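# An overview of the molecular structure
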Amino acid sequence: RPIRISLESPGSGTARVVEVSGVPEAWEPGRSSRIVGVVRDVTTTARAEGQLVRARALLDAAQDVASVGGWSLDRRSRRLRWTHQTYQLHGVGRG
């Protein structure tokens with residue numbers, strides 16, 4: 001499973017987020033002599049995820065203050081989704 005690391009470029013103050021994953025290659029039983037891996041820049045994805053988290057928190061706070069809820073309907077799958085506040089307004093648990 002990849003791990004995420006935030007790296008800052010010395011002097012520039014620019015931060016990048018990378019995902020790192022690797023697998024040790026054993027040349028002798030029980031002893032790794034090198035690791036083969038991948039480093040992938042996921043800065044854009046990490047920033048978008050952060051913005052989504054902040055937007056979701058703002059929406060939840062606004063719904064709580066206003067006592068309103070929201071819903072969406074996927075017309076293709078006919079799946080209805082309610083926000084947390086909509087469940088609370090109708091007095092039902094998430095199903």
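What counts as what
Residues numbered from 1 in each chain as written. Predicted model: local features only at pLDDT ≥ 70, side-chain atom pairs only at ≥ 80, totals over all residues. Heavy atoms only, no water. Helix = DSSP H or I, 4+ residues; strand = E, 2+ residues; numbered from the N terminus. Buried < 20%, exposed > 50% of the residue type's maximum accessible area, 1.4 Å probe, protein only. Salt bridge = Lys/Arg side-chain N within 4 Å of Asp/Glu carboxyl O. Pairing = 2+ DSSP bridges.

For the rest of this paragraph, the subject is the environment of Gly 69. As for its placement among the helices and strands, Gly 69 is situated in the loop between α1 (43-66) and β4 (71-74). With a relative accessible area of 38%, Gly 69 lands in the partly exposed category. Gly 69 sits 18 residues away from Tyr 87 along the chain, and the two C-alpha atoms are 8.0 Å apart.

So, about the pattern of salt bridges. A pair can form between side chains of opposite charge whenever their charged atoms are brought close. What the rule picks out here adds up to 6 salt bridges. Here Arg 4 and Glu 19 are joined by a salt bridge, their closest N and O atoms 3.1 Å apart. On the criterion of sequence distance, the pair formed by Arg 4 in strand β1 (residues 3-8) and Glu 19 in strand β2 (residues 15-28) is long-range, its members being 15 residues apart. Here Arg 4 falls in the partly exposed class, since its relative accessible area comes to 38%.

With that out of the way, let us pick up the pairing of β4. Pairing of β4 with strand β5 (residues 79-82) involves 4 bridges; the strand directions are antiparallel. Within the sheet, the bridge partner assigned to Asp 74 lies in β5 and is Arg 79. Counting the residues in the hairpin turn of β4 and β5 gives 4 residues, including Arg 78, whose phi is positive at 60°.

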